[in-house]
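Residue strings, one per chain:
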Amino acid sequence: MKSIVEVKKDDNVPDHAALAKRYAGQATGYLTTGVRFGFLLVLDLTDRSGHQPHISEQISVERKVPDGSEVEYHIVVARIQAKRKTPHDLR
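All of the points below concern the structure found in this document. From a predicted model like this one, the values you see are computed outputs, not experimental measurements. (Residues numbered from 1 in each chain as written. Predicted model: local features only at pLDDT ≥ 70, side-chain atom pairs only at ≥ 80, totals over all residues. Heavy atoms only, no water.)

Moving on: the nonpolar core. One finds L19, L31, L40, I75 and V77 to be the most contacted residues of the largest nonpolar core, which totals 13 residues. For this core, the elements supplying multiple residues, two or more each, are α1 (16-29), β2 (37-44) and β4 (73-81). If one sorts the elements of this core by residue count, α1 sits on top with five residues. Excluding residues that lie within four positions of it along the chain, I75 makes contacts with A24, A27, T28, L31, G38, F39, L40, S60, V61 and E62. (Core = buried A, V, L, I, M, F, W, Y, C linked by side-chain atoms within 4.5 Å. Buried < 20%, exposed > 50% of the residue type's maximum accessible area, 1.4 Å probe, protein only. Helix = DSSP H or I, 4+ residues; strand = E, 2+ residues; numbered from the N terminus. Contact = heavy atoms within 4.5 Å.)

Turning next to the pattern of salt bridges. For side chains of opposite charge, pairing can occur when their charged atoms come near one another. One pass over the structure, following the stated rule, counts three salt bridges. Its salt-bridge partner being D44, residue R79 comes within 3.0 Å of it at the nearest N-O pair. Pair noted here: R79 is in strand β4 and D44 is in strand β2, with a separation of 35 residues, a long-range link. Overall, D44 belongs to the buried group, its relative accessible area being 0%. (Salt bridge = Lys/Arg side-chain N within 4 Å of Asp/Glu carboxyl O.)

Attention now moves to the side chain of D10. As for its position among the elements, D10 is in strand β1 (residues 5-10). The buried category is assigned to D10, whose relative accessible area is 8%. Of the polar contacts made by the side chain of D10, one reaches the backbone nitrogen of N12; its length is 2.7 Å. (Polar contact = N/O pair within 3.5 Å; in protein donor to acceptor, adjacent residues only side chain to side chain.)

The next point concerns the sheet that holds β2. In spatial order, the strands read β1-β2-β4-β3; together these four strands make up an open sheet with mixed pairing. At either margin of the open sheet sits one strand with a lone partner, and together these are β1 and β3 (59-64). Between one strand and the next, the sheet's axes are offset by a mean angle of 25°, whatever the strand orientation. Pairing analysis gives six bridges linking β1 to β2, with the strands arranged parallel. Bridged to K9 within β2 is L43. Strands β1, β2, β3 and β4 of the sheet are contacted by α1, whose axis makes an angle of about 120° with β4. (Pairing = 2+ DSSP bridges. Axes fitted to C-alpha atoms, helices over the stretch in contact; angles between N-to-C directions.)

Right, here's the structure in full:
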């Protein structure tokens, strides 16, 4: 079994569904001969005023049916917050 991780950076990340819409097609393109799940890891360069979101807000499972296909894939979307303040700076 082979696992695929698509890695991106983005400075306009509204939510995980939008990330999946932008990048899951490419991630599923590598999965056509094996398992129907993959991973999308995004370095989020959006300025969110400092706080690191809870892990439950940074990981989701999104479903994708690629154009021209009827097969559903599952993509684990994980977002890493880049522009954040240290806990000390969040007084």
